[in-house]
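Structural description and commentary
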Amino acid sequence: MNRATEDHKIWLFDLAHGNLTDSQIVKGFVKYYALNGFTVGNVQDDLVFRTHYNPSQGMESLRSALNSFSEVVE
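Read on for a plain summary of the structure. Just so it is clear, the structure is predicted and the values come from calculations on it, not from any experiment.

It is worth spelling out the layout of surface pockets at this point. Estimates place the volume of the largest pocket at around 160 Å³. If you go around the largest pocket, the residues you meet are Arg3, Ala4, His8, Lys9, Leu12, Asp46, Arg50, Thr51 and Tyr53. Per element, the largest residue contribution to the lining of the largest pocket is 3 residues, and it comes from helix 1 (residues 6-16). Here the lining of the largest pocket is composed, by residue class, of 3 nonpolar, 2 polar and 4 charged.

Below is the structure:
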């Protein structure tokens, strides 16, 4: 899947601006990154190098959502 889709761009925008629930964050991460062999570091790279958004909030939200989902699995 090509990550340079409009849906992916919208997901990055919403991630960086705190507009997503934990479920939406994890689903987007799996869809655009994990299933394509990419990692959390690739999300940060996309936020830093492919947008004008501050990556801090987006990365904090992503880590928090992934952490909350990992606790559910245990």
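The discussion continues.
This part takes up the packing of helix 1 against helix 2 (residues 22-32). For the pair helix 1 and helix 2, interaxial distance at closest approach is 11 Å and the crossing angle is 140 degrees. One way to sum up the angle between helix 1 and helix 2 is to call them oblique. Helix-helix and strand crossings are classified by hand; for helix 1 and helix 2 the assignment is left-handed. Contacts from Asp7, His8, Trp11 and Leu15 in helix 1 reach Gln24, Ile25, Gly28, Phe29 and Tyr32 in helix 2. Partitioned by chemical class, the residues of the contact of helix 1 with helix 2 number 5 nonpolar, 3 polar and 1 charged.

Right, let's talk about the nonpolar core for a bit. Counting residues in each nonpolar core, the largest one holds 15 residues, and the members touching the most others are Trp11, Leu15, Tyr33, Val43, Leu47 and Leu62. Counting residues per element, the ones that place at least two in this core are helix 1, helix 2, helix 3 (40-49) and helix 4 (55-73).

Before going further, it helps to examine the side chain of Thr51. Among the secondary structure elements, Thr51 is positioned in the loop between helix 3 and helix 4. One polar contact links the side chain of Thr51 to the main-chain carbonyl oxygen of Leu47, over a distance of 2.5 Å. Beyond its immediate stretch of four places on either side in the chain, Thr51 contacts Leu12 and Asp46.

This paragraph deals with the environment of Gln24. Considering the arrangement of structural elements, one finds Gln24 in helix 2. Between the alpha carbons of Gln24 and Val40 there is a distance of 15 Å; along the sequence they are 16 residues apart. Discounting residues that sit within four places of it in the chain, Gln24 has contacts with Trp11 and Asn19.

Bringing the packing of helix 1 against helix 3 into the picture now. Running from amino to carboxyl end, helix 1 crosses helix 3 at an angle of 90 degrees, the nearest separation of the two axes being 11 Å. Accordingly, the angle class assigned to the pair helix 1 and helix 3 is roughly perpendicular. Side by side, helix 1 and helix 3 meet where His8, Trp11, Leu12, Leu15 and Ala16 of the first sit next to Val43, Asp46 and Leu47 of the second. Across the contact of helix 1 with helix 3, the residue classes tally to 6 nonpolar, 1 polar and 1 charged.

Rules used throughout
Residues numbered from 1 in each chain as written. Predicted model: local features only at pLDDT ≥ 70, side-chain atom pairs only at ≥ 80, totals over all residues. Heavy atoms only, no water. 1 Å grid on protein atoms, 1.4 Å probe; cavity = no way out; pocket = protein on both sides within 12 Å on 5 of 7 lines; lining within 4 Å. Points joined across faces, edges and corners; volume = space filled by probe spheres on them. Helix = DSSP H or I, 4+ residues; strand = E, 2+ residues; numbered from the N terminus. Nonpolar A, V, L, I, M, F, W, Y, C, P; charged D, E, K, R; others polar. Axes fitted to C-alpha atoms, helices over the stretch in contact; angles between N-to-C directions. Parallel < 35°, antiparallel > 145°, perpendicular 65-115°, else oblique. Left-handed = near helix turned anticlockwise from the far one by under 90°. Contact = heavy atoms within 4.5 Å. Core = buried A, V, L, I, M, F, W, Y, C linked by side-chain atoms within 4.5 Å. Buried < 20%, exposed > 50% of the residue type's maximum accessible area, 1.4 Å probe, protein only. Polar contact = N/O pair within 3.5 Å; in protein donor to acceptor, adjacent residues only side chain to side chain.

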